[in-house]
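# Results of the structural survey
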Amino acid sequence: MTRPGRPGRHVLVLGGTTEGRRLAGELLAAHPTGLRVTTSLAGRVAAPRLPEAGEVRIGGFGGPAGLADWLREHAVDLLIDATHPFAVRVGANAALAAGETGVPLLALRRPGWTPVPGDRWHPVDSLAEAAGLLPTLGSRILLTTGRLGLAAFAHLAEPWFLVRSVDPPTGPCPPRMGVLTARGPFDLDGERALLREYRIDVLVTKDSGGTATAPKLTAAREVGVPVVIVRRPEPPAGVPTVTDPAEAVARVGALLFDTPR
C-alpha cells in the first residue's frame, strides 16, 4: 500500500454496468497523474463493452479469497463495486475481500425505478415469484431479466415468451419462446413498436434502474401492459454507496488524495 496523497494509487473497479464503464475515464480525467485504474469484467457476455480508459481484466477471481489475493498482489488502495444491482454474489465477495485485506470498499449503484401514475406494476422478490404470477396476467410475455434465469420460467407451457438478452440463452428455457438478441440503450419508439409487433401483454423485468432500458416501462404504461418487476436484493451491510460516477470520483479524491468533497 502507498500512503495517501502520494503517486501510484491503484483503484480496482468491478465493472460491467454503464456507470462502471464511465467511471475509469472520469477517475483518470480527475487525477491524470498518480492514479492507476483497473476495471474487472466478469466475462459473462461474448463481447463485453470495455471501459472508456484504464486497464482491463476479464474473468472471475475465484471467490472472495481469490479477490483478496488479487488486491494484495496488485497493491490495490480502493475497491469499487460498480456491478449490476442484482450481482449479489459479486457484491458479497467484494465485501468479504475488503474486510479480509483492509482495502476500503465503495459501491456504485444507480437508483432504482419509481412507479408513476398509470403504471401497473406487480413487485416480486424473485424470478420464481414472477413466474407464479404470469398465468393470471397474460399470455404473451416480454422477458427482459437476462438469459441466466430462464429456468424459473421453463415449467410454463402455455404462455409465449419473447426473451430479449445480449447473448442467446442456454440451459432450461420455456417451451414456447422467441429470442431477440439486443443490447441497450433502447429508445421509446423502438419499445412501442416491439410491444405492438409481438402483441405483448405482460412485461417482466428486474429493477435495474438507469435510463438505458427504462423506455420499456414508459411503453408498457402507455398501452396498459402490466409489469412484473423483481425487487432489488439488499446490498451488503455497512458498505458506503454512491449513486453516480461523479459522486464516486469525489469519494476517491477524498479517500486517496485528501481532496475536499
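Now for a look at the structure at hand. (Residues numbered from 1 in each chain as written. Predicted model: local features only at pLDDT ≥ 70, side-chain atom pairs only at ≥ 80, totals over all residues. Heavy atoms only, no water.)

## Brief notes about the packing of aromatic side chains
What counts here: Two rings from Phe, Tyr or Trp (for Trp, the six-membered ring) form a pair when their centres sit within 6.5 Å of each other. Planes less than 30 degrees apart are called stacked, planes more than 60 degrees apart edge-to-face, and all others tilted. Only DSSP runs of H or I covering at least 4 residues are called helices, and only runs of E covering at least 2 are called strands; the numbering of each starts at the N terminus. Accessibility here uses a 1.4 Å probe with only protein chains present; expressed as a share of the type maximum, an area under 20% marks a residue as buried, one over 50% as exposed, and anything in between as partly exposed. Remark: a charge is flagged as sitting over a ring if the NZ atom of Lys or the CZ atom of Arg is within 6 Å of the ring centre and within 35 degrees of the ring normal.
Enumeration over the complete set of coordinates arrives at 3 aromatic pairs. A ring pair is formed by tryptophan 160 and tyrosine 198, whose centres lie 6.2 Å apart and whose planes are at 15 degrees; its orientation type is stacked. On the criterion of sequence distance, the pair formed by tryptophan 160 in strand β8 (residues 160-165) and tyrosine 198 in the loop between α5 (188-197) and β10 (202-206) is long-range, its members being 38 residues apart. Note on tryptophan 160: relative accessible area 15%, which makes it buried. What makes tyrosine 198 partly exposed here is its relative accessible area of 24%. Geometry around tryptophan 160 places arginine 140 over its ring, the cationic atom sitting 4.4 Å from the centre. The ring of phenylalanine 186 carries the charged tip of arginine 164 above its face, separated from the ring centre by 3.8 Å.

## As for the side chain of aspartate 81
Which entries qualify depends on this criterion: Only heavy atoms enter the contact rule, under which two residues are in contact if any of them lie within 4.5 Å.
With respect to the secondary-structure elements, aspartate 81 resides in strand β4 (residues 78-81). For aspartate 81, a relative accessible area of 3% translates into the label buried. With sequence-adjacent residues up to four places away left out, aspartate 81 is seen in contact with Leu14, Gly91, Leu105, Leu106, Ala107, Leu108 and Arg109.

## Some details on the pairing of β4
We apply this condition: Strands qualify as paired when DSSP identifies two bridges or more between them. A right-handed crossover is one whose linking path, passing over the helix from the first strand to the second, runs clockwise when the strands point away from the viewer.
Residues Leu78 and Ile80 line one face of β4 and the alternating positions Leu79 and Asp81 line the opposite face, and both faces are buried. Where strand β1 (residues 9-14) meets β4, 4 bridges bridge the pair, whose relative direction is parallel. What sits directly across from leucine 14, in β4, is aspartate 81. Following the chain from β4 across helix α3 (residues 88-101) to the adjacent parallel strand β5 (residues 105-108), one finds a crossover that is right-handed.

## Considering the sheet that holds strand β3 (residues 55-58)
The strands that make up a sheet are held in pairs by hydrogen bonds between backbone atoms, and each pair lies either parallel or antiparallel. Our working definition: Throughout, an axis means a line fitted to C-alpha atoms (over the contacting stretch in the case of helices), and angles, computed between N-to-C directions, take values from 0 to 180 degrees.
Overall, parallel pairing links the 6 strands, which are arranged β3-β2-β1-β4-β5-β12 in an open sheet. Either end of the sheet is taken by a strand with one partner, and the two such strands are β3 and β12 (241-242). Contacting β1, β2 (35-41), β3 and β4, helix α2 (residues 63-73) crosses the sheet at an angle of about 155 degrees to β1. The strands that α3 touches are β1, β4 and β5; relative to β5, the one it contacts most, it runs at about 160 degrees.

## Side note on the pattern of salt bridges
Definition in use: By definition here, a salt bridge exists when the distance from a side-chain nitrogen of Lys or Arg to a carboxyl oxygen of Asp or Glu is within 4 Å.
Within the structure shown, the criterion is met by 12 salt bridges. Put simply, aspartate 77 and arginine 9 hold a salt bridge, and the shortest N to O gap is 3.1 Å. One end of the pair, aspartate 77, is in the loop between α2 and β4; the other, arginine 9, is in strand β1, with 68 residues separating them in the sequence. Each member of the pair, aspartate 77 as well as arginine 9, is classed as buried. Between glutamate 19 and arginine 110 there is a salt bridge, and its shortest N-O distance comes to 2.8 Å. Highlighted residues: glutamate 19 in helix α1 (residues 18-30) and arginine 110 in the loop between β5 and β6 (121-124), separated in sequence by 91 residues. Ionic contacts of the salt-bridge type, sharing partners, join the residues Asp69, Arg72 and Glu100 into one network.

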